[in-house]
Amino acid sequence: MTNTDHTSLTEPVPREIPDAAIAMLDAEGTVVGWTHAAEQLVGYPAGEVVGRSAAHVLPPAKSAPSATAFAEQCRAQDGWSGTVTVRHRDGHAIKMTLRISRLWGQDAGTRWLVSVTDISTLSSGASNGAVRESLLAHAPVGIAVYDPQLRCTWVNDVMERHDGTPPERRFGRRLRDSLPAVEAQALEVVMRQVLQSGTTMVHEYRAWSSTVRRREHAYSASFFCLQDADGTALAVCAMSVDVTGNQRARERLAILSEAGTRVGSTLEVMRTGQELADLAVPLLADHALVDLMESVPFGVDPSAGTGKANDRPPVLRRAGVASIDLGVLKLPWVREEVIRPFPTSLFATALRTGRSYLESVLDTHPGPWVIPDLTLAQRVRDSGVHSLMVVPIRARRCVLGLAVFGRSEESTPFQEDDLLLAEELVTRAALSLDNALQYARQRTAALTLQRDLLPHHVGGGAALDVASRYVPADLDHGVGGDWFDVIKLSGARVALVVGDVVGHGINAAATMGRLRTAVRTLADMELPPHELLTHLDDTVRRLSEEDADAPDQNPAAVGATCLFAVYDPVTRRCTMARAGHPPPAIIDPQGHITYPDMPAGAPLGLGLGLLPFESVELELPEGTLLALYTDGLVESRDDDIDVGLDRLGAALAESGSSLEDLCSHVIETLPTQAPADDVTLLLARTRGLEAAQVASWELPNEPAAVRIARQAAVRQLSEWGLEHLVATVQLIVSELVTNAIRHGGGPICLRLIQHQVLTCEVSDSNTSHPRPRQPHIIDEQGRGLFLVAQLSRRWGSRSATDGKVVWAEQDLPSKAVAV
């Protein structure tokens, strides 16, 4: 403020600032000056703080260095700034931003001025002024302390840069000894008012200084009254900030406000990168590039560290490009291009260290540390880029990428406050990117769960040609409660299952997985469809009860519908039952569509024992098309279910299409908007076994039947060219027929089926199923089923209308498989 030609002053504005506190410490960290604002903020009066260590109010964190080490750090850096937790007098903790500035005295003594600001007041409904102060807290602040006689006693280095007055011309002197009378008088009036009232006051003025190209400078000075232990005014502290760029600061605040709505509008990481670049240009920079670690767009966290200085830097992928003129840079850079930084470049260094870098002025020959690529460096020089900022994108201690900002048309180089703003913008973008990464991880986990729960491949064996489609209502996560399955049973039969669990999302998918497993287990027990649904209903009810009894967990609604059908290619008959599920669509070979009239049954989980499930049996000609589906395919908010059934029937009536094409066509007929419910479709076209693939014999219930059965099996295997299986099948037939004679009654039937495997079936009128047991060494019997299990691919039994069927399977050589 020396050599001032003209000064425009405003009246002093008294203002309480409860969210900012000032205190002075001596060289040892003891509080020697306290302010009324500090008392308001942390609750301690001057008498309880002055003369005590600052640690009384600022307890060090567990991870913080020792007081001695911290003091050395402050001395080495001429201060410190960061975030700390301050202890209020009533015991609660306050999160603060803290800045420590070194002051020099006349005898080369040292004092420290501490300023803290409550973060909560900045984040909740903060005014423009408070936010501005938060930004300017990182800009140079001039500090001078005056005694009650208004003589300068302490000053920091910044004051000389403000007004050109060296410290030796300040100490022991009043403002009127070094400044024009009008300006000095106005400032001293303010200081006396502060000393008398203890109230913080703000004085704003403009001055033209001849020390900086006759440029007009605007200053905002805040005055605080420092008190000693008994509350007496000890000194007045003046903190002045050059607010010449005040209008620009307001514009930057508008940028921060706009960033809240423009950056992170979606959970797509590449779009977030482009939004950051678009916001920065032209409000902050002329050019902006945003590069992300190559794994980030795929939802994979990069490693927490990128290695040592000599390690190869990670590969990046360009996510955002913006420029006032894309042709200025003359670079073939496009979004999603792979970027490989040079190991020794500024960009690789920023990735490795996680620190921001400001190259305020790039000379005509940028050093190799900045741009090692000579061709690229030449292009940058030709583009006119003269100032550069590189800001790493960090989240949860991981570097996600880089944001690069450059200026060419704007002649003013980037300054520290520009870097601060860029870091704030990048931090906000990093939060959005981190949210997108977490979403991607959750979605990947959900999709993995869905893939593991649904069949990877569906095949109908010799009985059916099948195809399927699944479209979840939760398109974001790709999971839901619908399920389908195709289960191969004994005797070439195949079970078809479609179910629908209440709800959507990962919880419904988890319940669906439990029910699918239960259905497969029950299907392996060869239960008829209506009995299987009865057992499944009990399973759903027990799951619901277990969830309701779980502590600290809100019980979720557990309910489901299901359709279970079993098709036999030998008899060409299909037995099915449903539990509150839509009936299947059946299209005969001539293209006529019907929805069979079958009991609806109650949804699973209701436990309505008075409404048992019922099975129906239908004869299906070869080539009949079965369509099993969930209600999401035929129901919608706008149309009645009959409209959906008609639409489904019309789509299925198209002939000549493969099942895969037919599935796709049916799904394409859905309304264009996202489905309100999960959609599942399972198509199956029936096939029948030729008469030559099945052989059966009626046997008398007498010991001679064992020999007859063995001879018949040998002849049939010879006709099929399966002589290599004769010895094994003879043993299996002997054991199964012997058991039927010993434990059964009435006629016995032997049946051999050649399809994808060779199935040997023996049926009798006894409804009791065989149970293998472990015979003792001296037992003469009980080893028959054990022998059958050892000789077979698999074996089992199932109930029949008039008894049971015991069966065993043998693998066939590939050339003998009949499909």
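This text gives an overview of the structure that appears in the document. Remember, predicted model here, so these are calculated numbers, not experimental data.

### A few points about the overall build of the protein chain
No. 1: Helices and strands together make up the secondary structure of the protein chain, namely 19 helices and 33 strands.
No. 2: When burial is assessed residue by residue, the protein chain has 49% of its 819 residues classed as buried.
No. 3: Counting every atom, the protein chain has about 38,600 Å² of accessible surface; 51% of that belongs to carbon and sulfur.

### Quick word on the packing of helix α18 (residues 726–743) against helix α19 (residues 784–791)
No. 1: One way to put it is that α18 packs onto α19 with a least axis distance of 10 Å and a crossing angle of 150 degrees. On the basis of the axis angle, α18 is roughly antiparallel to α19. The crossing of α18 and α19 is left-handed. Residue-level contacts link T728, L731, I732, E735, L736 and N739 of α18 to G784, L785, L787, V788 and L791 of α19.
No. 2: Each residue belonging to the contact of α18 with α19 can be placed in one class, and the counts come to seven nonpolar, three polar and one charged.

### Details of helix α7 (residues 181–197)
No. 1: The end-to-end C-alpha distance of α7, which contains 17 residues, comes to 24 Å, matching closely the 24 Å that a straight helix rising 1.5 Å per residue would cover.
No. 2: All buried positions along α7 are accounted for by E183, A184, L187, E188, V190, M191, V194 and L195. Axial view of α7: buried residues confined to an arc of 155 degrees, hence all on one face. Pointing more than 90 degrees away from the buried face of α7 are the exposed residues A181, V182, Q185 and Q196.
No. 3: After α7 finishes, the residue G198 shows a positive phi value of roughly 75 degrees.

### Digging into unusual backbone geometry
When glycine is set aside, most residues are seen to have a negative phi, and most peptide bonds are trans.
No. 1: Omega for the peptide link from V281 to P282 comes to 5 degrees, which places this bond in the cis form.
No. 2: By secondary structure assignment, the location of P282 is in the loop between α9 (269–280) and β13 (287–293).
No. 3: Despite not being glycine, L150 has its phi angle at roughly 65 degrees, a positive value.
No. 4: With respect to the secondary-structure elements, L150 resides in the loop between β8 (141–146) and β9 (152–155).
No. 5: With a phi close to 70 degrees, A492 is a non-glycine residue in the positive phi region.
No. 6: One can find A492 in the loop between β20 (480–488) and β21 (494–504).
No. 7: Classification of A492 as buried rests on a relative accessible area of 6%.

### Overview of the sheet that holds strand β24 (residues 585–587)
No. 1: Strand order across the open sheet formed by five strands is β19-β28-β27-β24-β25, with antiparallel pairing between neighbours. Looking at the sheet topology across the chains shown, the edges are occupied by β19 (464–471) and β25 (593–594).
No. 2: For β24 and β25, the ladder comprises two bridges, and the chain directions are antiparallel. Directly across from I586, in β25, lies its bridge partner T594.
No. 3: In the packing of helix α15 (residues 641–652) onto the sheet, the strands contacted are β24, β25, β27 (625–629) and β28 (679–686), and the crossing angle to β27 comes to about 145 degrees.
No. 4: In the packing of helix α16 (residues 659–668) onto the sheet, the strands contacted are β19, β27 and β28, and the crossing angle to β19 comes to about 30 degrees.

### A closer look at the packing of α15 against α16
No. 1: Taken N-terminus to C-terminus, the directions of α15 and α16 make an angle of 150 degrees; their axes are 9 Å apart at the nearest point. As far as their axial angle goes, α16 and α15 are roughly antiparallel. Seen along the crossing, α15 lies across α16 with a hand that is right-handed. Counting all contacts with α15, which are made through L648, A651 and L652, the residues of α16 involved are L662, H665 and V666.
No. 2: Taken together, the residues of the contact of α15 with α16 break down into five nonpolar, one polar and no charged.

### Points about the nonpolar core
No. 1: Ranked by internal contacts, the top residues of the largest apolar core, which has 55 residues, are L292, V390, I393, L400, F405 and L425.
No. 2: Mapped onto this core, the elements with two or more residues apiece are α8 (246–262), α9, β13, β14 (316–323), α10 (346–353), β17 (387–395), β18 (398–407) and α12 (416–453).
No. 3: Counting residues per element, this core draws most heavily on α12, which supplies ten residues.
No. 4: Ignoring sequence-local partners within four residues, the contact set of L400 consists of D291, L292, M293, V296, P302, I393, A395, A430, L433, D434 and L437.
No. 5: If you look at the next biggest cluster of nonpolar residues, it comprises 53 residues, including I487, V497, L543 and L626.

### A closer look at α19
A turn of α-helix holds 3.6 residues, and therefore any two residues three or four places apart point the same way.
No. 1: Taken as a whole, α19 has its buried residues at G784, L785 and V788. What you see down the axis of α19 is that its buried residues fit within an arc of 95 degrees, all on one side.

### Topic: the sheet that holds strand β31 (residues 757–764)
Whenever strands of a sheet pair, they do so through backbone hydrogen bonds, lying parallel or antiparallel.
No. 1: Read across the sheet, five strands follow the order β29-β30-β31-β33-β32 without closing on themselves; strand pairing throughout is antiparallel. In the strand order of this sheet, the two ends are held by β29 (694–699) and β32 (794–800), each with one partner. Averaged over all pairs of adjacent strands, the angle between strand axes in this sheet comes to 15 degrees, irrespective of strand direction.
No. 2: Direction of pairing for β32 relative to strand β33 (residues 803–811): antiparallel, over a ladder of seven bridges. In the sheet register, A800 faces β33, and the bridge partner there is G803.
No. 3: This element, helix α17 (residues 704–720), spans β29, β30 (748–754) and β31 of the sheet and lies at about 165 degrees to β29.

### A word on the environment of R192
No. 1: For R192, the location among the structural elements is in helix α7.
No. 2: Its relative accessible area of 36% is what places R192 among the partly exposed residues.
No. 3: Each C-alpha atom of the pair R192 and L150 lies 8.2 Å from the other, and the pair is 42 residues apart in sequence.
No. 4: Dropping the residues within four chain positions of it, R192 is found in contact with L150 and R174.

Here is what the cut-offs are and how they apply
- Residues numbered from 1 in each chain as written.
- Predicted model: local features only at pLDDT ≥ 70, side-chain atom pairs only at ≥ 80, totals over all residues.
- Heavy atoms only, no water.
- Helix = DSSP H or I, 4+ residues; strand = E, 2+ residues; numbered from the N terminus.
- Buried < 20%, exposed > 50% of the residue type's maximum accessible area, 1.4 Å probe, protein only.
- Areas by Shrake-Rupley, 256 points an atom, 1.4 Å probe, with all protein chains shown as cover.
- Axes fitted to C-alpha atoms, helices over the stretch in contact; angles between N-to-C directions.
- Parallel < 35°, antiparallel > 145°, perpendicular 65-115°, else oblique.
- Left-handed = near helix turned anticlockwise from the far one by under 90°.
- Contact = heavy atoms within 4.5 Å.
- Nonpolar A, V, L, I, M, F, W, Y, C, P; charged D, E, K, R; others polar.
- Expected span 1.5 Å × (residues − 1).
- Arc of directions from axis to C-beta.
- Pairing = 2+ DSSP bridges.
- Core = buried A, V, L, I, M, F, W, Y, C linked by side-chain atoms within 4.5 Å.

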